[in-house]
Amino acid sequence: MAGFQSLPGFRDFPPEDFSRRQHVFRVWRSAATAFGFQEYDAPVLEPLELYKTKSGDEIEAQLFSFKDKGDREVSLRPEMTPTVCRMVGEKAGSLKRPIKWFSIAEFYRYERAQKGRLRAFHQFNADIFGEAGPEAEIELIALLIQCLAGFGLTADDFTIRLSDRNLWFYYLGALGFTAAQIPAVLTVVDRFEKAGAPQVEAFKPYEEKFGPLDQTTKNRVHAFALQSGKNFSEQEILTRWLQDAKPEAREKVSARLADFRKLMDGLADMGLKDFVEIDMMVVRGLAYYTGFVFEAFDRKGDLRALAGGGRYNDLIKKLGYTDLPAVGFAIGDVTTGLLLEQRGLTSKPGPATDVYVVIGGEVERKAAFADIQALRAAGVRVEYPFKDLSFGKQFKAASESGAKLALIYGGDELAHGVVKLRNLADRSERDVPRGQVVAMVRSLLTGH
RNA sequence: GCGGUCAUAGCUCAGUUGGUUAGAGCACAAGAUUGUGAUUCUUGGGGUCGCGGGUUCGAAUCCCGUUGACCGCCCCA
């Protein structure tokens, strides 16, 4: 127990854990490539300014940031979005649209570690650039669903809650909130769930900043947030909105509701209707989201959000590049791993060996080594005991290795120029001439 | 950054009002078994009881500090 511990919130990945992690990455990667996304990677360390520009100075408290030896303010990346915006922004002129990119990478945040939240974690990020319409959201939400369904999770296990900040902006504007006040109200909305019934409490941060709100307005905001799932309909939201709307804004709202309908219909046509529900309570924490936002949750669980994303049409311009519409999401390995564990869907590593070589003694080892090397060069996974062991022990080791075949290099066999090949599953044996070992093993392993 | 609970072998845990050399199961290794995989039996390695200090004749046990994990705030890109 003496010696060193890993840093708080950081994990080791010994082979068993590594193999579970690789399984998660495999599912994500194959989902992304099936959807036609291209993989990219980027530096782990970035200028601190990149994150301050995107999220404001307060963000620094949550960053793994420091000064490098050249006196540069730098930070380990806490997320991929600013980086990918920079990459796309730099090449935007030469990229074919729509731009569909994904990555699997490690991120670092200097926060208190808790269940489902560590200081170092992996995320799958997928983004679409250059498409302003809801077609991009259809594609991304479908991909998100596949990133979870690919493990065997179903609509009974998780759900995607979809909301729209544009409708919120329209509605809150109609209620008389100013552009400066609206983000503060959305922060309040974000707290509704946590604050539970007493919305009075939830409004406190807003009221401290902008002064008291009348109860009627509070109730309207709360009622709008409660629009979700079954009780949501375009007609209802329109009616509710029209009570408060100025006539010239009606056109914007009905256009937006048409986008909403297009998105929901597209997902329904893909057979994904059961995975998605509208829930205006979701607004997402950060201010740079500009349209549809969505989060994936464990249905029966006490887990944190599995994934989150949304549209951020202004960000690339804010970082100093061309104006380019964008929408993306990220899904993390920590919460996903916890959910898979709860559902018994974690992967067990398969056998790492195809052939176990049983060696009679020092003399036989020489012949065995020649064939072992030939087999391995041909791509066959071969194991053999380092030390001379009794045949009994070697066969035990062979069966524990998970190998399908054993090759037996004994004095009797080699004297006849053959090797004994044993099928470890049915225990049948046959002699194989030395020269045919590689060909025979390969044909048995590939099944023809 | 703030509050609460916890910390004994690789894992799961036991350990009496403070009392000899800190235990069990699982796992790992060796042997019974030098030409065939199971089961079983025997044996072994592995602990400064998270770390540091204090009280005591004596501390895994009581006290203080510290580190870490978990839970709740803050935050959640």
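These figures come from a predicted structure and were not determined experimentally.

Participant: How do you make sense of helix α14 (residues 362-377) when you look at a structure like this?
Facilitator: Along an α-helix, residues three or four positions apart point the same way, because every turn accommodates 3.6 residues. Given a rise of 1.5 Å per residue, 16 residues ought to cover 22 Å, and the 23 Å separating the end C-alpha atoms of α14 matches this to within 8%. For α14, the set of buried residues is E364, R365, A367, A368, D371, I372 and L375. In the core, the buried residues of α14 are packed alongside β12 (355-359), β13 (382-383), β14 (405-409), α16 (411-415), β15 (418-423) and α17 (437-446). Count one or two residues on from α14 and you reach G379, which has phi positive near 95°.

Participant: Hey, could you run me through the packing of helix α2 (residues 48-55) against helix α3 (residues 81-91) in this one?
Facilitator: For any two helices packed against each other, one specifies the inter-axial angle together with the distance between the axes. Running from amino to carboxyl end, α2 crosses α3 at an angle of 100°, the nearest separation of the two axes being 10 Å. On the basis of the axis angle, α2 is roughly perpendicular to α3. For the pair α2 and α3, contact is made by L50, Y51 and K54 and by T81, P82, T83 and R86, respectively. Across the contact of α2 with α3, the residue classes break down as three nonpolar, two polar and two charged.

Participant: What's the story with the domain arrangement of chain A in this structure? I'm lost.
Facilitator: You'll often see interface size given as the accessible area lost when the parts meet. Along its sequence, chain A is organised into domain 1 (15-342) and domain 2 (355-443). Put simply, the middle of domain 1 and the middle of domain 2, counted by C-alpha atoms, are 55 Å apart.

Participant: What should I look at first to understand the environment of A180 in this one?
Facilitator: Mapped onto the elements, A180 comes out in the loop between α5 (165-174) and α6 (182-195). A sequence separation of 30 residues divides A180 from F210, and the C-alpha atoms of the two residues are 9.8 Å apart.

Participant: Please explain the protein's contact with RNA strand B as it appears in this structure.
Facilitator: The local shell around RNA strand B holds 38 residues, among which K115, R117, E413, R422 and L424 are the closest. Take the atoms of RNA strand B that sit within 4 Å of the protein: sugar and phosphate atoms are 48% of them. In this structure, E111 approaches RNA strand B through a side-chain N or O atom, which is 3.5 Å from a base oxygen. The separation between a base oxygen of RNA strand B and a polar main-chain atom of D412 is 3.3 Å. At the level of secondary structure, the elements contributing two or more residues to the surface near RNA strand B comprise α6, α15 (391-401), α16 and β15. Here the element with the most residues in the surface near RNA strand B is α15; it accounts for five residues. Split into classes, the residues belonging to the surface near RNA strand B amount to eleven nonpolar, nine polar and 18 charged.

Participant: Just checking my understanding: could you explain the sheet that holds strand β7 (residues 158-164) for this structure?
Facilitator: Adjacent strands of a sheet form backbone hydrogen bonds with each other and so pair up, either parallel or antiparallel. If you trace the eight strands from one edge of the open sheet to the other, you get β1-β5-β6-β11-β10-β9-β7-β8, paired in mixed fashion. Strand pairing shows two members of the sheet lacking a second neighbour, β1 (38-39) and β8 (276-278), which therefore form its edges. With three bridges joining them, β7 and β8 adopt parallel strand pairing. Looking at the pairing, R161 lines up with E277 of β8. In the packing of helix α1 (residues 15-34) onto the sheet, contacts are made with β1, β5 (99-108), β6 (120-129) and β11 (326-332), and the angle to β5 comes to roughly 165°.

Participant: Would you explain the packing of aromatic side chains in this entry?
Facilitator: Geometrically, a pair of aromatic rings is defined through the distance of the ring centres and the angle of the planes. Summed over all chains, the structure comprises 21 aromatic pairs. Geometrically, the ring pair formed by F177 and Y206 is edge-to-face, given 5.8 Å between the ring centres and 85° between the ring planes. Residue F177 is located in the loop between α5 and α6, and its partner Y206 is located in helix α8 (residues 204-210); the two are separated by 29 residues in the primary sequence. Among the aromatic residues, ring-to-ring pairing joins F25, W28, F102, F124, F294 and F329 into one connected group. Above the ring of F297, the side-chain terminus of R161 is found at 4.8 Å from the ring centroid. For the cation-ring pair, R256 lies above F292, with the distance from its terminal atom to the ring centre recorded as 4.0 Å.

Participant: Before we go on, may I ask you to explain the pattern of salt bridges in this structure?
Facilitator: As a working rule, side chains carrying opposite charge can pair if their charged atoms are close by. Per the stated rule, a full pass over the model turns up 27 salt bridges. With a closest N to O distance of 3.6 Å, R261 and D265 form a salt bridge. Remark: D265 and R261 occur in helix α11 (residues 250-269); sequence separation between them is four residues, near one turn of the helix. We classify R261 as partly exposed; its relative accessible area is 34%. Exposure remark for D265: the relative accessible area of 35% places this residue in the partly exposed category. Among the charged side chains, a network of salt bridges with common partners joins D157, D298 and R343.

Participant: How should helix α9 (residues 215-225) be read in this particular structure?
Facilitator: Residues T217, K218, V221, H222, F224 and A225 constitute the buried set of α9. End-on view of α9: buried residues confined to an arc of 160°, all on one side of the axis. Backbone nitrogen of T216 and a side-chain oxygen of the N-cap are separated by 3.3 Å at the start of α9; the cap is D214.

Analysis parameters
- Residues numbered from 1 in each chain as written.
- Chains lettered and ligands numbered in written order.
- Predicted model: local features only at pLDDT ≥ 70, side-chain atom pairs only at ≥ 80, totals over all residues.
- Heavy atoms only, no water.
- Helix = DSSP H or I, 4+ residues; strand = E, 2+ residues; numbered from the N terminus.
- Expected span 1.5 Å × (residues − 1).
- Buried < 20%, exposed > 50% of the residue type's maximum accessible area, 1.4 Å probe, protein only.
- Contact = heavy atoms within 4.5 Å.
- Axes fitted to C-alpha atoms, helices over the stretch in contact; angles between N-to-C directions.
- Parallel < 35°, antiparallel > 145°, perpendicular 65-115°, else oblique.
- Nonpolar A, V, L, I, M, F, W, Y, C, P; charged D, E, K, R; others polar.
- Domains from an automatic or database assignment.
- Near = heavy atom within 4 Å.
- Polar contact = N/O pair within 3.5 Å; in protein donor to acceptor, adjacent residues only side chain to side chain.
- Pairing = 2+ DSSP bridges.
- Phe/Tyr/Trp six-rings, centres within 6.5 Å; stacked < 30°, edge-to-face > 60°.
- Lys NZ or Arg CZ within 6 Å of the ring centre and 35° of its normal.
- Salt bridge = Lys/Arg side-chain N within 4 Å of Asp/Glu carboxyl O.
- Arc of directions from axis to C-beta.

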